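Architecture and fold: a report
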Amino acid sequence: SDGAMVMMDPTTGWTTSGSLHPRTEMRENAIWSTSGTNILNATVNVTKVPSNTAIAQIFQGTGPSKPLCELQFNSGGGVNLLHENTNQCGNTTTHPITSVPVGTKFTYQLQLSGSTITVKVNGTTKTFTMDSSFVGEKFYFKAGDYDQSATSGTPKTTPGTVVKFYVLKITHYKILFHLRITASADMQRQCM
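Basis of the calculations
- Residues numbered from 1 in each chain as written.
- Predicted model: local features only at pLDDT ≥ 70, side-chain atom pairs only at ≥ 80, totals over all residues.
- Heavy atoms only, no water.
- Helix = DSSP H or I, 4+ residues; strand = E, 2+ residues; numbered from the N terminus.
- Contact = heavy atoms within 4.5 Å.
- Areas by Shrake-Rupley, 256 points an atom, 1.4 Å probe, with all protein chains shown as cover.
- Lys, Arg positive; Asp, Glu negative; His and termini not counted.
- Charge placed at Lys NZ, Arg CZ, Asp CG, Glu CD.
- Pairing = 2+ DSSP bridges.
- Axes fitted to C-alpha atoms, helices over the stretch in contact; angles between N-to-C directions.
- Phe/Tyr/Trp six-rings, centres within 6.5 Å; stacked < 30°, edge-to-face > 60°.
- Buried < 20%, exposed > 50% of the residue type's maximum accessible area, 1.4 Å probe, protein only.
- Lys NZ or Arg CZ within 6 Å of the ring centre and 35° of its normal.
- Polar contact = N/O pair within 3.5 Å; in protein donor to acceptor, adjacent residues only side chain to side chain.
- Core = buried A, V, L, I, M, F, W, Y, C linked by side-chain atoms within 4.5 Å.

1. Quick notes on the overall build of the protein chain
When its secondary structure is counted, the protein chain shows 1 helix and 14 strands. Across its three principal axes, the protein chain shows a C-alpha extent of roughly 75 × 35 × 25 Å. Sequence separation of at least 24 residues holds for 69% of the intrachain contacts in the protein chain that already meet a minimum separation of 6. Just so you have it, the protein chain exposes about 9,900 Å², and 53% of that area is on carbon and sulfur atoms. Of note, the protein chain has its 15 positive side-chain charges centred 4 Å away from the centre of its 11 negative side-chain charges.

2. Re the sheet that holds strand β1 (residues 5-10)
Pairing is antiparallel across the open sheet formed by 6 strands, whose spatial order is β1-β14-β4-β9-β10-β11. The sheet terminates laterally at β1 and β11 (124-129), the two strands that pair on one side only. Going across the sheet, the axis of each strand differs from the next one's by a mean of 25°, ignoring polarity.

3. Side note on the sheet that holds strand β8 (residues 92-99)
Spatial ordering of the open sheet is given by β3-β12-β5-β6-β7-β8, a layout of 6 strands whose pairing is antiparallel. Whereas interior strands pair on both sides, the edge strands pair on one side only; in this sheet they are β3 (24-27) and β8. Strand-to-strand twist across the sheet, computed as the mean angle between neighbouring axes with direction ignored, equals 15°. With 4 bridges connecting them, β3 and strand β12 (residues 139-147) associate as antiparallel partners. Bridge pairing in β12 places Thr-24 opposite Asp-145.

4. Some thoughts on the packing of aromatic side chains
A full pass over the atoms with the stated rule returns 5 aromatic pairs. Measuring from centroid to centroid gives 6.0 Å for Trp-32 and Phe-139, while their planes differ by 40°, and the two rings are tilted. Highlighted residues: Trp-32 in the loop between β3 and β4 (37-48) and Phe-139 in strand β12, separated in sequence by 107 residues. You can call Trp-32 buried: its relative accessible area is 3%. Taking the relative accessible area as the measure of exposure, Phe-139 reaches 0% and is therefore buried. One aromatic cluster is present, built from ring pairs that chain together Trp-32, Phe-134, Phe-139 and Phe-141. Directly above the aromatic system of Tyr-140 lies the positively charged group of Arg-27, at a separation of 3.5 Å from the ring centroid. A cation over an aromatic ring shows up here: Lys-105 above the ring of Tyr-166, its NZ or CZ 3.9 Å from the ring centre.

5. Details of the side chain of His-83
Summarising the element assignment, His-83 is placed in strand β7 (residues 78-84). Residue His-83 is classed as buried on the basis of its relative accessible area of 6%. Of note is the side chain of His-83, whose polar atom sits 3.4 Å from the backbone oxygen of Thr-129. Setting aside anything within four residues of it in sequence, one finds His-83 in contact with Leu-68, Cys-69, Asn-91, Thr-92, Thr-93, His-95, Ile-117, Phe-128, Thr-129 and Met-130.

6. Description of the nonpolar core
As a rule of thumb, soluble globular proteins bury nonpolar side chains together. Counting residues in hydrophobic clusters, the biggest one holds 33 residues, and the most contacted among them are Ile-58, Leu-68, Phe-106, Tyr-108, Ile-117 and Val-119. Going through the elements one at a time, β4, β5 (52-60), β6 (67-74), β7, β9 (105-113), β10 (116-121), β12 and β14 (159-173) are the ones with two or more residues in this core.

7. Comments concerning the environment of Ile-175
By secondary structure assignment, the location of Ile-175 is in the loop between β14 and α1 (185-191). Through-space distance from the C-alpha of Ile-175 to that of Val-162 is 37 Å; in sequence the pair is 13 residues apart. Excluding its chain neighbours within four sequence positions, the residues that come into contact with Ile-175 are Ser-35 and Gly-36.

8. Here we look at unusual backbone geometry
Positive phi, normally seen in glycine, also occurs at Asn-122, with a value near 45°. Here Asn-122 is to be found in the loop between β10 and β11.

What follows is the structure in structure tokens.
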């Protein structure tokens, strides 16, 4: 009724290969390199979350099928970045970004440019460095509701987590060329 696209995970539901929990997500169809600036912007409201859910991911499109990072929202309103320390997965660091009360609309931006990951949530900005094991990989964005407490099994209709999206936008800025100008010592003296 408020114009949002609602993504709900049941407390129990079907999973896909490589996933321990049911999820409702949108996945970008294209894959891209880190040579440009790649941005996912969203306005969301997590109205119900029993534990923790991923609301955005930068995911590997080549190499191991693992996330580079996940923007997560927990039941206490904490917004954190789960950052993979290697492209083989299983070695992560969780970085607190900010907090937003459950049931409150907020904005986020997840960006990858070169080896720099930038996260912005309601004006709070933090940057992180991608591990060198990811260099040369291609990526894509995911956005949605990947409830980390939901279990695999015959689907129920009981909502576990509910995430409402009001804005969801992906932008890619490519580096078109690199211009390098060098001048001889004589030219430099003439220009001064």
